[in-house]
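Structural overview
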Amino acid sequence: MNQRFFVTATGTGIGKSFITAALVRQAKGMWRSVSAFKPVVTGFDPETPDDSDTGLLLRSLEQDSTPENIDRMSPWRFKAALAPAMAALQELREVDFEALVVHSRGAMLAPDELILIEGVGGVMVPLDETHTVLDWIERVEAPVLLVTGSYLGTISHTLTAMAVLQQRHIPIHAIIINESEESPVSLQDTRDELSRWTRLPIIPVTRRKSGEDWQDVKELRSLLA
Ligand SMILES: Nc1ncnc2c1ncn2[C@@H]1O[C@H](COP(=O)(O)OP(=O)(O)OP(=O)(O)O)[C@@H](O)[C@H]1O
Ligand SMILES: [Mg+2]
């Protein structure tokens with residue numbers, strides 16, 4: 001069964017790349033053909049590509065960070081660690097939204113069984129002067145994996161993200177609660193509270209010792225069943 005997902009989150013640093021890399025690894029472990037893209041990346045230093053989301057996703061795919069692979073994974077790269085619209089402005093560039101849509105829709109047409117696109121920041125981060133990530137997701141027409149945390153405030157952020165996605169009739173395939181570093185309540189309690197507000201599938205992922213521990217996140221396997 002072919003699966004396509006757009007991986008978005010309630011905000012930046014919540015764990016989209018960790019979860020995307022982990023899903024790639026689980027899919028590979030199940031002998032599925034898989035590809036992943038991070039079309040727009042900010043905070044990208046060309047001197048140290050391996051430190052970026054682009055580098056992490058290439059590693060998960062077991063691909064080297066050659067200029068060609070970096071270009072294919074992340075055509076829009078910006079140095080400043082800011083929202084894309086602001087990072088682009090600093091370089092007197094802009095994200096060509098229509099070209100981004102064409103690229104992402106094309107990426108989703110590849111024959112691989114699993115194709116993942118990691119968004120950038122949260123659901124409504126500005127890409128240019130008139131479009132946010134939400135507009136991008138809508139045009140890609142792939143179901144969403146919504147990555148959220150267990151931090152204080154997560155329930156409101158999650159319900160807000162769900163509401164704007166649902167307002168545009170964008171299907172949410174599942175919510176992944178990626179345990180935050182600082183959590184006032186347990187992962188289970190966050191799950192239980194969230195499940196009172198939605199019938200969508202919720203997958204809790206426990207925090208690992210290190211951000212490099214994405215190789216063995218078996219919790220995500222149910223998504224690939
Ligand atoms: N489950 C986890 N266990 C351990 N470390 C994690 C986990 N999830 C995320 N991290 C670490 O937390 C940090 C932020 O995660 P990540 O880069 O995946 O977030 P993101 O949503 O992709 O951020 P961005 O908006 O910059 O793309 C990273 O250093 C990552 O390695
Ligand atoms: Mg990321």
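Here's what I pulled together on the structure shown here. This is a predicted model, so every value here is computed, not measured.

It is generally the case that most residues other than glycine have a negative phi and that most peptide bonds are trans. At Trp31, a residue that is not glycine, the phi angle is positive and equals roughly 65°. Structurally, Trp31 is set in the loop between α1 (16–29) and β2 (34–37). Even without being a glycine, Glu62 presents a positive backbone phi close to 60°. Looking at the secondary structure, you find Glu62 in the loop between α2 (53–60) and α3 (67–73). Since 9 C-beta atoms lie within 10 Å of it, Glu62 is described here as exposed.

Around ligand 1, the structure places 16 residues, and the nearest of them are Thr12, Lys16, Ser17, Phe18 and Gly211. With three residues, α1 is the single largest residue contributor to the shell around ligand 1. Its residues assigned to classes, the shell around ligand 1 comprises four nonpolar, seven polar and five charged.

What follows covers the environment of Ala107. If you trace the backbone, Ala107 turns up in helix α5 (residues 97–108). As a C-alpha pair, Ala107 and Val144 span 37 residues in sequence and 16 Å in three-dimensional space.

Tracing the sequence through the fold places Glu212 in the segment after β8 (202–205). The exposure class assigned to Glu212 is exposed, which follows from the 11 C-beta atoms found within 10 Å. Sequence separation between Glu212 and Phe18 is 194 residues, and the spatial gap between their C-alpha atoms is 8.2 Å.

Here the focus is the packing of α1 against α2. Between α1 and α2, the least distance of the axes is 9 Å, while the angle of their chain directions is 15°. Classified by the interaxial angle, the pair formed by α1 and α2 is roughly parallel. The way α1 lies across α2 gives a crossing that is right-handed. On the side of α1, the interface is formed by Ser17, Thr20, Ala21, Val24 and Arg25, while α2 contributes Asp53, Leu56, Leu57 and Ser60. Grouping the amino acids of the contact of α1 with α2 by side-chain chemistry returns four nonpolar, three polar and two charged.

Of all five residues in strand β6 (residues 144–148), five are buried; the element is thus mostly enclosed. The two faces of β6 match: Val144, Leu146 and Thr148 on one face and Leu145 and Val147 on the other face are all buried. Note: strand β1 (residues 3–9) against β6, four bridges, orientation parallel. The residue of β6 that forms the bridge with Val7 is Leu145. Note that β6 and strand β7 (residues 172–178) share five bridges and pair parallel. Directly across from Val144, in β7, lies its bridge partner Ile172. Read as a crossover between parallel neighbours, the route from β6 over helix α7 (residues 154–167) to β7 is right-handed.

Criteria and thresholds
- Residues numbered from 1 in each chain as written.
- Chains lettered and ligands numbered in written order.
- Predicted model: local features only at pLDDT ≥ 70, side-chain atom pairs only at ≥ 80, totals over all residues.
- Helix = DSSP H or I, 4+ residues; strand = E, 2+ residues; numbered from the N terminus.
- Buried ≥ 20, exposed ≤ 12 C-beta atoms within 10 Å, placed from the backbone.
- Near = placed C-beta within 6 Å.
- Nonpolar A, V, L, I, M, F, W, Y, C, P; charged D, E, K, R; others polar.
- Axes fitted to C-alpha atoms, helices over the stretch in contact; angles between N-to-C directions.
- Parallel < 35°, antiparallel > 145°, perpendicular 65-115°, else oblique.
- Left-handed = near helix turned anticlockwise from the far one by under 90°.
- Contact = placed C-beta atoms within 7 Å.
- Pairing = 2+ DSSP bridges.
- Right-handed = clockwise from strand over helix to strand, strands pointing away.

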